Amino acid sequence: MPLTPDQQRALVARLTAACGGSYSPDERRKHFISGPQWAAAYEGHAIFHAPTRKPVHFETVIEHFAKIGINHWTTHDTDVLPYDALGNDKQHAIVGQIDACLKKNGLKCSMVTTETFHHAVFAGGPAGEQMEVRDYAQWRLRNTVSIGHELGASYVVYWPGSLGYQFQGIVDEVQTLKWFAEGMNAACEADIEIAKAKGRPTMLHCMEAKPFEPQAEILLPTSDAMLAWIFSGQLKYPDMVGLNPEYLHELMWGGSVRASLARALLCNKLFHFDINDGYRLKHDVDIAIGLVNPFDWLNVLVLLRTYNYNGPFNLDFKPPRTTSNDGVFDISFPTAVDRFITLWEMAGEVMTDPILSEAAAALRDGSGIAPGQDATSIFEANKELWNLHELIAHRLFQILIGAHKGRSFSL
Ligand code: GLT
Ligand code: MN
Ligand code: MN
């Protein structure tokens, strides 16, 4: 039966309710989840795509987040400030309105980030050859730090999207990376100064890598490249600088997200985490968490819970172009949050599952034969134990589908 748009809305609402299993806003608020202004306000446009949704003001986003139970909000400077407002009285007035709106709705701004990729001035990158471009970029970073302090944020994110090149040989990579470090030094210095003046702690400065686009070649394409840059000696305040890995960006280059996160944890640099989903070796589709790789996501959350990651989970996905303006807040955001919480709870089940615990302990205990140099005896002594690897994988699958709680399929 064909449906009019009003009937379509009623159908979607009825089927959404029929899905059931959603968490209450209070339950959702227990998690350190943040919602980006740019994700909620994304109009569906891209290089091949016209927008499919209408613009959304920050007040609407904040009000909807409050109702859903997302109690942290994140933004780029220019998501909310027109270019002609940056750094002047207009900025002051808008930031005041944002602050009032957040307070009215019981939300906090957890993170701010600077757009250093969209405006034409960044065509040659945020750390290009021209001193005035770099100086302008530094001013923008310092300005964002001051907005962050005004809004009470604890994190600043840097996605150096256009730090790279289209043509080989046009850029001195070493010099560019040094100039880029000068930008970070300026941001940290501004932070130290403002924090002191306001009696606030300094913020955590978090680098976000993406391996492909918008440049043909990217100078800091992975979180590991960023760790090398953080520890390169070019940063004046390396302790203030860490990582904001994005799930999909770590997957895009073909690596293991868990291994990337593990390396960040090992260096105490996992400050912030952008959560979403997508495919290996494809472009940045920014699908919402759990819709492509729920099994991997379960294991990611086991890792983060095991190592007590307590930073934010930032919902950096893009509601699909086929979702309407209403759908963004009725379906996209609440279901993304709920899948995160379900996976989080399942990770807890993995960590306390008696079968998994016993298997892990047995693997660690080994066979008990005396250590020695005879490879064949060590193999022979342990070979039945290693069956547990496959059994553990099966048990994790059972937990993913609920079989450990008695869910069965035509048994
Ligand atoms: C851009 C990017 C995201 C980053 C944002 C922060 S900008 O949308 O694709 O992954 O997190 O600057
Ligand atoms: Mn991101
Ligand atoms: Mn992305």
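Residues numbered from 1 in each chain as written. Chains lettered and ligands numbered in written order. Predicted model: local features only at pLDDT ≥ 70, side-chain atom pairs only at ≥ 80, totals over all residues. Heavy atoms only, no water.

### Details of the environment of G372
Let me state the cut-off plainly: Helix and strand definitions here come from DSSP, where helices need a minimum of 4 consecutive H or I residues and strands a minimum of 2 consecutive E residues; each element is numbered from the N-terminal end. Partly exposed describes any residue whose relative accessible area lies between the buried limit of under 20% and the exposed limit of over 50%, with all areas from a 1.4 Å probe on protein chains only and scaled to the type maximum.
Relative to the assigned elements, G372 resides in the loop between α14 (354-365) and α15 (375-382). Residue G372 is classed as partly exposed on the basis of its relative accessible area of 37%. Taking the C-alpha atoms as reference, G372 lies 46 Å from F340; in sequence the two are 32 residues apart.

### Re the pattern of salt bridges
Here is the rule: By convention in these notes, a salt bridge is any Lys or Arg side-chain nitrogen within 4 Å of a carboxyl oxygen on Asp or Glu.
Across all of its chains, the model carries 16 salt bridges by this definition. Salt-bridge contacts for D326 lead to R9; the nearest nitrogen and oxygen are separated by 3.1 Å. Residue D326 is located in helix α13 (residues 325-352), and its partner R9 is located in helix α1 (residues 5-19); the two are separated by 317 residues in the primary sequence. The partly exposed category is assigned to D326, whose relative accessible area is 35%. For R9, a relative accessible area of 54% translates into the label exposed. With a shortest N-O distance of 2.8 Å, D338 and R28 are connected by a salt bridge. Here the residue D338 occupies a position in helix α13, and R28 occupies one in helix α2 (residues 25-29), the gap between them amounting to 310 residues. Judged by its relative accessible area of 8%, D338 is buried.

### Here we look at the coordination of the manganese ion (ligand 3)
Put simply, the rule is: In this description, a donor is an N, O or S atom within 2.8 Å of the metal centre, a cutoff extended to 3.2 Å for sodium, potassium and calcium. Water is not part of the atom list, which can make sites seem incomplete.
Taken together, E246 (OE), H249 (NE2), D284 (OD), D284 (OD) and D286 (OD) make up the protein donors of the manganese ion (ligand 3), found 2.0 to 2.4 Å from the metal. In the primary structure, the donors to the manganese ion (ligand 3) are separated according to the pattern E-x2-H-x34-D-x1-D. With relative accessibility at 2%, the residue H249 sits in the buried group.

### What about the coordination of the manganese ion (ligand 2)?
Note the following rule: The rule is simple: four donors are tetrahedral if all their angles sit between 85 and 135 degrees, four are square planar and six octahedral if opposite donors span more than 155 degrees and the others lie between 65 and 115, and anything that fits none of that is irregular.
E208 (OE), E246 (OE), D274 (OD) and D316 (OD) make up the full set of protein donors to the manganese ion (ligand 2), lying at 2.0 to 2.2 Å. The coordination sphere of the manganese ion (ligand 2) comprises six donor atoms, whose angles at the metal cover 73 to 162°; the geometry is irregular. Between consecutive donors of the manganese ion (ligand 2), the numbers of intervening residues give the motif E-x37-E-x27-D-x41-D. A distance of 4.7 Å spans the gap from the manganese ion (ligand 2) to the manganese ion (ligand 3), which E246 bridges by coordinating each metal. Residue E208 is located in the loop between β6 (204-207) and β7 (217-218), and its partner E246 is located in the loop between β8 (241-243) and α10 (247-252); the two are separated by 38 residues in the primary sequence.

### Quick notes on unusual backbone geometry
Of note, the bond from E213 into P214 is cis; its omega dihedral lies within 30 degrees of zero at 5°. With respect to the helices and strands, P214 occurs in the loop between β6 and β7. You will see that L281, though not glycine, has its phi angle at about 55°, which is positive. For L281, the location among the structural elements is in the loop between β9 (273-274) and α12 (294-306). Non-glycine residue N308 carries a positive phi angle of around 55°. The residue N308 is located in the loop between α12 and β10 (313-314) in this model.

Take it as geometry only, folks, not as evidence of what the structure does.
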